[in-house]
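Chains, contacts and geometry: an overview
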Amino acid sequence: MQAAPPPPPPPPPPPDVPFTENAPTDQSPATAAEVATPPQPVMVIPKINLPPPPPPATKEWQGGGPEWKWHRDKDQERAKMEEARNRSDGGVNLPEGPAKYIAAGDKEAPSWLQKLELIQSILGQGHRITLTRLGAASVYLRWISTGALFCAEDGNHHRPNRPAEIARDIFVSLETVAGELYKHGAEVGEAERQMMRQIHPWLPSFSSEFACSEPLTRIRNIAHRSDISEDLKKQIKHTIQNKLHRNAGPEDLVATEAFIKRITVDAHPGECPQAFVDEFMLFYDELKRFFNCSGAIERLDAMYDTFEDETRARVQELKEAMWALDDGSTGHDGLTGNEGQAILRALRASIDVRGIFTGGLSTGMRNDAPDEAVSQRQAWRLAEIAIEELAFVVLARALQSAGAGVEGEGDEKTSHFANALNSGDASMWGCAAAAAAGGMRHMALAMWRPMECNAVARELEAWVQHGSPIATQEDALRCCASLQRARRLVEAHTQALIDGFSDTPVGLGKSFGIQEHVGGTFVDAVIRANVSFQLSRLISPMLRAATWAAGSDTAGYDAIVLGGPVVGILQECDRLEPGAVKENWHKGRVAPVVALVWGADGDEEVSAAGKQVRGVVLARDLPHLSHLAIRARQEQVPLASTEDEGTRNYARYLVRQWVFFHVTPEGVILAPATDAQITAYEADAARISKAEPPTAAPAAAAPEPVPETNAEAESVDDVAWEKNVKKKGKGKKG
């Protein structure tokens, strides 16, 4: 029996109706005749299963959804342009520097292209690469790429090859100074190299297919197909095609993904031919390549034909190892079983493949490199960064299979993983050490103190070759030393990222009117997405077990944030929250406080309890890279935790007394302050008080200050140029 023809599609919605994925539809009540009509067979059209693409464009998207358009609305474009220009306050409350420069320049940079030009004006060729510039540019670039700062059209017409040209200039500027063996330009340090890695994933591609005069023309051909309706043609033309070719931006990829749902899942039966859907998917793949949001395996597949035979074999091994983990064929029998062997296989394969790329990138880019070589270098750089992200996922799987508990929920000490380590289980120690060594090697491949990271990795592997590394006190002491060294490397890497971003995310967030938590948790999110975060979760229970087996005297404390010494009054409170710590006056000024905190979930901030808190003793365990620990590092507040009952009781005995608090790698000191220590504090406080300017009424308006150039060692020409740009609001160095 032949199926009845499907009902005609409903009329299109009115123009410029905002797209909402689950918007309710206005339907009239069914009539009695319609209710009595038996259901008609419906033609079944196969749907395409589309997993969300990887970051940076959509997985972390914070902006609004797209709007379907049937015509161009210039009035709406002008309104959005003004809204984009007025979002920034110009950085009026920011100190002189790159962040203030970006906040001021954004007022004249509504479009994605102009915002990229703003970044180019501080990081492009001919400009000095500094830590503060990299931090400010990274924050701004991530926000415009994820929709936290929306981009509007600027009234001009620039094809996507123009953003590609800007990305090439920024990339070359960074890569010429990034290499170990050959450098062209100023010397950069290890912290600058880590911050450069925060820039690359958010730049568009400048390969030959996007650097040509008319890139991404497939969408134009799609919009003129004869096998789709006129209504669909208009939506494609005005929602995607014309916008992309006038003022491209990450929002175009978001609109394209939403449109895929429109022509597959939400399409009426027979509305969208399969040939049209297939062609649209090809365009989607092109757009993902342009915005550089492909995953590691996808990038390796795209370059596979250019590899030598040995490289192809290693790439194939990585792919097969990841397939084995994804399809569940290895089972779920834990880190010491078949699952663990598959995890370690994938980790080793990722190191081998990534090592090929980092070896080729070890020399800095020559300033006369041809376009093809520059484009290939960007592909290699993004591939090795993507493999690092893959290693992050593999290490997370290792922790999960080991039964390490949920980070931040307080069960790490009592987890299956911790118990097995404490018991000296040789199998668990062997697998955990192999995973930790793999993580250290990935940190080395990221150019973070590579010689030391590789040395620690070799030590960890050596200590477990003949069984449990904590079987004897001597073995445990040796293992403990290596794990302490590993922790110091991880925490130094974390501190480098904290120093690189500084308070820029918070300051820029306030200037742009972004929700406070976006700027406040920015550095936290970056650190917790890094391999070093998973390494910290691995190393902490291993070090705890080794320390206990070695009989080391840690006075019951875990040194989380090093710092001090601090002299202050010890106060106890339930949590770090506003009003929890009272002010104590001592000789005319507020006395510093060391807070004894009985509870925390890891999401608090020290400053919430008051600026007088100069040290924290937490009476519970805390992950070393929790939000609280990261914020304490940013605020330079020493932090130690303890779950030892005797240590807690002694701390409570000292409440309301002046104490001496010092957190060092060797241990934690919390003791009554001596008269000499209190006198030394009073002398320091008096000296600082005299050095501070009076807090009287603000002085009369003064001429605009000259930007401070000492911190960044800028040339006179750069300073003069930046002053000129501030007056105009935007520009590019000529």
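Please refer to the structure placed before this passage.
Everything quoted here is computed from the prediction, not taken from an experiment. (Residues numbered from 1 in each chain as written. Predicted model: local features only at pLDDT ≥ 70, side-chain atom pairs only at ≥ 80, totals over all residues. Heavy atoms only, no water.)

Concerning unusual backbone geometry
- With an omega of 5 degrees, the peptide bond running from G564 to P565 counts as cis.
- Not every positive phi belongs to a glycine, and L216 is a case in point at roughly 55 degrees.
- In this structure, L216 sits in the loop between α8 (208–211) and α9 (218–222).
- A relative accessible area of 5% places L216 in the buried class.
- Of note, the phi angle at Q636 is positive, near 60 degrees, even though the residue is not glycine.
- Assignment of secondary structure puts Q636 in the loop between α25 (627–635) and β7 (639–641). (Helix = DSSP H or I, 4+ residues; strand = E, 2+ residues; numbered from the N terminus. Buried < 20%, exposed > 50% of the residue type's maximum accessible area, 1.4 Å probe, protein only.)

Digging into the side chain of H200
- Looking at the element boundaries, H200 is found in the loop between α7 (190–196) and α8.
- A residue is classified by how much of its surface remains accessible, and H200, at 4% relative accessible area, is buried.
- The residues touching H200, leaving out its near neighbours within four places in the chain, are F171, L174, E175, R381, L382 and I385. (Contact = heavy atoms within 4.5 Å.)

Some points on the sheet that holds β7
- The strand order across the open sheet formed by seven strands is β1-β7-β6-β5-β2-β8-β9, and the pairing between neighbours is mixed. Each end of this open sheet is capped by a strand with a single partner; those strands are β1 (558–561) and β9 (667–672). The sheet shows a mean angle of 30 degrees between the axes of neighbouring strands, taken without regard to direction.
- Sheet topology note: the strand β2 (residues 563–573)/strand β5 (residues 593–597) ladder contains five bridges and is parallel. Note that in β5 the partner of L570 across the bridge is V594.
- Across the face of the sheet, α25 comes into contact with β1, β6 (613–618) and β7 while running at roughly 60 degrees to β1. (Pairing = 2+ DSSP bridges. Axes fitted to C-alpha atoms, helices over the stretch in contact; angles between N-to-C directions.)

Looking at the packing of helix α16 (residues 371–402) against helix α24 (residues 531–550)
- Orientation of α16 relative to α24, taken along the N-to-C sense of each, is 20 degrees, at an axis distance of 9 Å. Here α24 runs roughly parallel to α16, going by the angle between their axes. Between α16 and α24 lies a crossing of left-handed hand. Here E388, A391, F392, L395, A396 and L399 of α16 come into contact with α24, specifically with V531, F533, Q534, R537 and L538.
- A per-class count over the contact of α16 with α24 returns eight nonpolar, one polar and two charged. (Parallel < 35°, antiparallel > 145°, perpendicular 65-115°, else oblique. Left-handed = near helix turned anticlockwise from the far one by under 90°. Nonpolar A, V, L, I, M, F, W, Y, C, P; charged D, E, K, R; others polar.)

Examining the pairing of β2
- In terms of burial, β2 is largely enclosed, as eight of its eleven residues are buried.
- Both β2 and strand β8 (residues 658–664) contribute to a ladder of five bridges, which runs antiparallel. Paired with G568 across the bridge in β8 is V659.

Brief notes about the pairing of β8
- Counted residue by residue, β8 has six buried out of seven residues, so it is predominantly covered.
- Bridge count between β8 and β9: six bridges; the pairing is antiparallel. Across the sheet, F660 pairs through a bridge with A671, a residue of β9.

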